[in-house]
Amino acid sequence: MITMARDLPLLWPEILVLLAGAGALACEMLRLPRTALAVATALLLAATALSLPLLSLDTTVFGGTFRVDALSVWAKLILLPATVLALLLARAELAGSDREGTVYALLCFTSFGALVLAGSGDTMFLVLGVLLSGLGAFALVAYPRDDAATEAAMKFFVFASVAGAVMVFGLSYWFGATGTTLLDDLATPGLPPAAIAIGLAGMIVGLGYKASLAPFHFWAPDAYEGAPVSVAAYLSVVPKIGALFALAQVARDLPPGSGWSGAVAAVAVLTMTWGYLAALVQDNLVRLLAYSSIAQAGYFLLGIVAVGASPLALLSLVLFGAAYAAMNLGAFAIIQRSGRTLESFAGLGRARPAVGVAMVLFLLSLTGIPPLAGFVGKLLLFGAAIDANHTWLAVIAIVNSVLSLAVYLRIVVALYRQPAGAPGVPAGGALVTLVWVAALAATLLIGLAAQPLLAPLV
Amino acid sequence: MENVYLAIALAPLVGAILAGLFGRLIGRSGAHWVTILGVGLSFLLSLLVFKHHVIDGAGAFNGTVYTWMVSDGIRMEVGFLIDRLTILMMMVVSFVSLMVHIYTIGYMHDDPGYQRFFSYIALFTFSMLMLVMSNNFLQLFFGWEAVGLVSYLLIGFWYKRPSAIYANLKAFLVNRVGDFGFLLGIAAVAMYFDTLDYADVFAAAPSMVDATIEIFQGSPWSLMTVVCILLFIGAMGKSAQVPLHVWLPDSMEGPTPISALIHAATMVTAGIFMVARMSPLFELSDTALNVVMVIGAITALFMGFLGVVQNDIKRVIAYSTLSQLGYMTVALGASAYSAAIFHLMTHAFFKALLFLAAGSVIIAMHHEQDIRRMGGLKKYMPVTYWTSLVGSLALIGFPGLAGFFSKDTIIEAVHASSLAASGFAYFAVLSGVFVTALYSFRMFFLVFHTEERFDEHTRSHLHEPPAVVTVPLILLAIPSVVAGYWIDPVVFGDYFGGAIFFSDAHPVMEELTHEFHGAWSFVLHGLTGPAFWFAMAGLFTAWYVYTRQPDLANQARNRFAWLYRVLVDKYGFDRFNEVVFAGGARGVGWLLWKAGDVVLIDGLLVNGSARVVGWTAAVARHLQSGYLYHYAFGMILGLLAFLSWFIWWG
């Protein structure tokens, strides 16, 4: 057993995130929501800063059960700033509402769950992460306490419970086969294939629900629609990326030839296609982006099938993770300031040129147009899939990108259409503006600075 | 200096972003101040760069500013190649752009799209500077497309006019043809040279002289000829050479400052600049040079004729621009690259001047553009009159003015050239001089002299426009007079140094340099040459026909009715395109529509896939029923599918 004295310093970021949640809760008890926001933001930023020195590490703590490697550290560097942006969005949307501080606390706890997922080296951590990032999320969706939110949260909860149960059931077979809960031990030769298969199926259901992969995505559009926009923005980024990184952690230890990469590729095709097809007929922008975020999750799987087969795999997951977090949060921020329906976007680009240009850039980046962040991320993902001999998958992904253009251009067209009535453009608050400007800066930076960012990573 | 180069390109971009995105915030005067400051800074820094490189004699700078991506060994970069060719272009672009920015304050004074306009022209300046400063093909292409994009935006600036939208679409489509060739040319370079960097390509070019490519089985073509002709097709689109010239006259639908900046002085000369930049490639293919010379000669002469029958003041100048671009192209074909660039520079000054003067007339006449309803404006607008006179004399090549030096050099160069096409080209450029003088002074006399042909209402408001309009005219008139005396170093001296390459097989400039004995003797020599007398004959004809014997023009028109019709019809290019390309496309389209489309594509593929998409989407929507047990069912199905999959494979 390795001593606590060595392990704890490696976990400072996680500890600070927990403290951020606890601190926000304490402030809420004192009815100081602004202080809660300040405490949570400060601690999350501190946790981000403390993650930086860990970047060069590739080690484990707690006897190999939790990993401090590139994937888990990059998860912190992506998800913690994303959580800060979500906190600001939540403040802008929910300021003055009853129990405002609990939102900040729940966001921090849920992010903690996502970080646990992204670093798991053990099935117990997978289960813990899924549960931790789920419990907070149900409460966040139910926060408005109206009928729509309650129904959405209820569905989300029941769906999550079933998925979680299936996952735990499946993982118990892994425990039965290997005798330990460590993921490392899955690579041991001579394990009974049926047990591995059942465990794998259970894990895909559990993480697939969390990352909203088809056909375990049904909860997502309903939950996002019922939830506050800021919560939808958060759910579409932080727990999702956590779950996808967890899948990559598992994939690193799976024995090759167990058929898992074919299954993941099939999920990728189904998820991308289903997501964009369903997005095509949505008029509610939150639902549209919900389906778009389902489809984008399918693109992550291109990197996951290549884990172990291509040096680009982890790199592409990290880069697309950062790109996706930036562009999706940015698009949600603009929906939060301008309205949830396609109609509310009519003429926005003329009335507010800066907001219009920003939204167009987010959408083009989601499509994957150079030189924006989404392009660089997708290019690497395609490269990784082709390296791993999944060229057909890359081709389907490219075809889906064409389909996605139809999805996103509908919003662009609305932006520059003459509005039917008088343009009642709401003025965005300073916080929302801050969020989309930051997201835009990240989207442009990741796209334009591709080589400088990549060179040290490769 | 690297930061200075960067600042030169980025200053107008900052202005464009501020004026475009925050136009409402900073207001109308804010918009023109930020953009003028940005472009003004570019101009001053360009002068600094000129001092650094030309006067202080620093060598050329070739460096990468930023590496965007490295993919399969091909580096995609932003980089600058600052040699003397670039510096000359930078000064011309930033100076003319600055003049046009200032002029626009007066011209667009009452337009509701004021901030948008300034944002576009500053963005244009940025793109054009990126184009000329580039050190690689990728950035060249980026700048090429970006200036094109701004050009379409500005042609359609008054987007409520159907004619503006038509012109904008036409410019876009015709340029697509050129850009297609250009892109193929760049692709060929990338494929055979494995790099997009100018220096590497030029260094490798001589070893590729004998390389051939087989596009069609069994007929090998010289690689250099194919690459050069493809690149030149790009130049034909951008620099409006026959038969891709048809968009330029229609582009006059845009506001006049744009006609001056984009469609006369800078963007349309990008093609000329590009060919000069690529001289190490073009010098390796006589075939390509012959093609360049023939296309240029046709454009120079035949587009000039059309200027004689136009009645719209801007269109006369537009055809004159086409003809002058033809002169520059001829010079390129004759390997007289420095003469082409010199003419590009002098032309930028006097043609911008003529356009802005025409704009000044248009404002004074309340947006009347028909020269048949003008006349006698001399006494109302003295500044415009005198500056126009300078511009027109410079254009026809009156000895001592800027145009004389550059045009005479081109004519001499063609005379000295030994290429097969040079005989025809010499005839064309020489006769072109007469035509140039005829249409220029026809317009000049009809606008400023002759009796007044407008109503009392117009007369009562007729006056010289404000100083923001007249000052740029005067500032442009100065280089239109004096720029020609720079001929000694630029054309015959070693100004360009290594920036332009001549092969020993085409010693045209060497021969001319031999005969050159200073600017003054060049003027004296010009007085005895045929070009001067052709110009004088044209001027005299214009004076006699349009001021002394106005009936003569009508008689000539009746006598040569067929000729007049051909000219008014613009040789039928537009009709040909309309019938053959547009009509042919429609016909083929109709056939395909009936035969293939309705049944196969529409029925099966489009409607079919749309139906499948719609159906699947509807199914997806249906599956998203909102009932939890449906969702759970979907999940269980998925689980079963995975289990079967893994058991099967595992």
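Caption draft 1: Representation of the overall build of chain A within the structure. Tallying secondary structure elements over chain A gives 19 helices and two strands in all. Against the 2.2 N^0.38 benchmark of 23 Å for 458 residues, chain A shows a C-alpha radius of gyration of 21 Å, consistent with a compact globule. Reported as C-alpha extents along the three principal axes, the dimensions of chain A are approximately 70 × 55 × 45 Å. Residues counted as buried form 62% of the 458 residues belonging to chain A. Looking at chain A as shown, the accessible area adds up to about 14,800 Å², and 73% of this sits on carbon and sulfur atoms. Here chain A carries 20 positive and 20 negative side-chain charges, and the mean point of each set is 9 Å from the other.

Caption draft 2: Molecular detail of the overall build of chain B. Helix and strand counts for chain B come out as 28 helices and four strands. Here the C-alpha atoms of chain B give a radius of gyration of 28 Å, agreeing with the 26 Å that 2.2 N^0.38 yields for 650 residues. Structurally, chain B occupies a C-alpha span of about 95 × 65 × 55 Å along its principal axes. Of all 650 residues assigned to chain B, the portion counted as buried reaches 57%. Intrachain contacts of chain B at a sequence separation of at least 6 include 79% that bridge at least 24 residues.

Caption draft 3: Structural context of the packing of helix α2 (residues 12-29) of chain A against helix α3 (residues 33-51) of chain A. All names here are of chain A. Between α2 and α3, the shortest axis-to-axis distance is 8 Å and the interhelical angle comes to 175°. As far as their axial angle goes, α3 and α2 are roughly antiparallel. Side by side, α2 and α3 meet where Trp12, Pro13, Leu16, Val17, Leu19, Ala20, Gly23, Ala24, Cys27 and Glu28 of the first sit next to Pro33, Thr35, Ala36, Val39, Ala40, Leu43, Leu44, Ala46, Ala47, Leu50 and Ser51 of the second. Taken together, the residues of the contact of α2 with α3 break down into 17 nonpolar, three polar and one charged.

Caption draft 4: Focus on the packing of helix α5 (residues 100-118) of chain A against helix α10 (residues 229-253) of chain A. Residues and elements named next belong to chain A. Axis separation between α5 and α10 bottoms out at 7 Å; the angle between their running directions is 20°. As far as their axial angle goes, α10 and α5 are roughly parallel. You can see that α5 and α10 cross each other, and the crossing is left-handed. In this structure, α5 contributes Leu107, Thr110, Ser111, Ala114, Leu117 and Ala118 to the contact, and α10 contributes Tyr234, Val238, Pro239, Gly242, Ala243, Phe245, Ala246 and Gln249. Class assignment for the residues of the contact of α5 with α10 results in ten nonpolar, four polar and no charged.

Caption draft 5: Focus on the packing of aromatic side chains. Applying the stated criterion to the full structure yields 55 aromatic pairs over all chains. Their ring planes at 35° and their centres at 6.2 Å tell us that Tyr337(B) and Phe502(B) sit as a pair that is tilted. With Tyr337(B) in helix α15 (residues 337-364) and Phe502(B) in the loop between α21 (487-492) and α22 (508-515), this pair connects stretches of sequence that are 165 residues apart. On the basis of relative accessibility, which here comes to 31%, the residue Phe502(B) falls in the partly exposed class. Three or more aromatic residues link up through ring pairs in this structure, and these residues are Phe138(A), Phe156(A), Phe157(A), Phe159(A), Tyr209(A), Trp219(A) and Tyr224(A). Sitting over the ring of Tyr114(B), Arg28(B) keeps its end group 4.5 Å from the ring centre. Over the ring of Tyr327(B) we find Lys407(B), and its NZ or CZ is 5.1 Å from the ring centre.

Caption draft 6: Representation of the interface of chain B and chain A within the structure. Across the contact, 32 residues belong to chain B and 53 residues belong to chain A. The junction of chain B with chain A conceals about 3,400 Å² of combined surface from both sides, 76% of it contributed by carbon and sulfur atoms. Where chain B packs against chain A, one counts zero salt bridges. Where chain B meets chain A, there are five residue pairs in polar contact (both at pLDDT 80 or more). Sorting the residues of the side of chain B that touches chain A by element identifies α1 (2-21), β1 (61-71), α27 (573-623) and α28 (628-649) of chain B as the ones contributing at least two each. In terms of residue class, the side of chain B that touches chain A is built from 22 nonpolar, eight polar and two charged.

Caption draft 7: Focus on the nonpolar core. Core analysis: the largest hydrophobic core is formed by 218 residues, its most contacted members being Val96(B), Met133(B), Met278(B), Phe282(B) and Leu377(B). Per-element accounting of this core gives the leading share, 20 residues, to α15(B).

Caption draft 8: Representation of empty space enclosed by the protein in the model. All names here are of chain B. With the rule as written, the count across this model stands at nine cavities of 30 Å³ or more. The calculated volume of the largest cavity comes to roughly 80 Å³. At the level of elements, α14 (313-333), α15, α16 (382-396) and α18 (422-448) are the ones that each hand at least two residues to the lining of the largest cavity.

Each value, and the rule that gives it
- Residues numbered from 1 in each chain as written.
- Chains lettered and ligands numbered in written order.
- Predicted model: local features only at pLDDT ≥ 70, side-chain atom pairs only at ≥ 80, totals over all residues.
- Heavy atoms only, no water.
- Helix = DSSP H or I, 4+ residues; strand = E, 2+ residues; numbered from the N terminus.
- Rg over C-alpha atoms; globule rule 2.2 N^0.38 Å.
- Buried < 20%, exposed > 50% of the residue type's maximum accessible area, 1.4 Å probe, protein only.
- Areas by Shrake-Rupley, 256 points an atom, 1.4 Å probe, with all protein chains shown as cover.
- Lys, Arg positive; Asp, Glu negative; His and termini not counted.
- Charge placed at Lys NZ, Arg CZ, Asp CG, Glu CD.
- Contact = heavy atoms within 4.5 Å.
- Axes fitted to C-alpha atoms, helices over the stretch in contact; angles between N-to-C directions.
- Parallel < 35°, antiparallel > 145°, perpendicular 65-115°, else oblique.
- Nonpolar A, V, L, I, M, F, W, Y, C, P; charged D, E, K, R; others polar.
- Left-handed = near helix turned anticlockwise from the far one by under 90°.
- Phe/Tyr/Trp six-rings, centres within 6.5 Å; stacked < 30°, edge-to-face > 60°.
- Lys NZ or Arg CZ within 6 Å of the ring centre and 35° of its normal.
- Buried area = accessible area lost by both parts, 1.4 Å probe.
- Salt bridge = Lys/Arg side-chain N within 4 Å of Asp/Glu carboxyl O.
- Polar contact = N/O pair within 3.5 Å; in protein donor to acceptor, adjacent residues only side chain to side chain.
- Core = buried A, V, L, I, M, F, W, Y, C linked by side-chain atoms within 4.5 Å.
- 1 Å grid on protein atoms, 1.4 Å probe; cavity = no way out; pocket = protein on both sides within 12 Å on 5 of 7 lines; lining within 4 Å.
- Points joined across faces, edges and corners; volume = space filled by probe spheres on them.

Function cannot be inferred from these measures alone, as they are strictly geometric.
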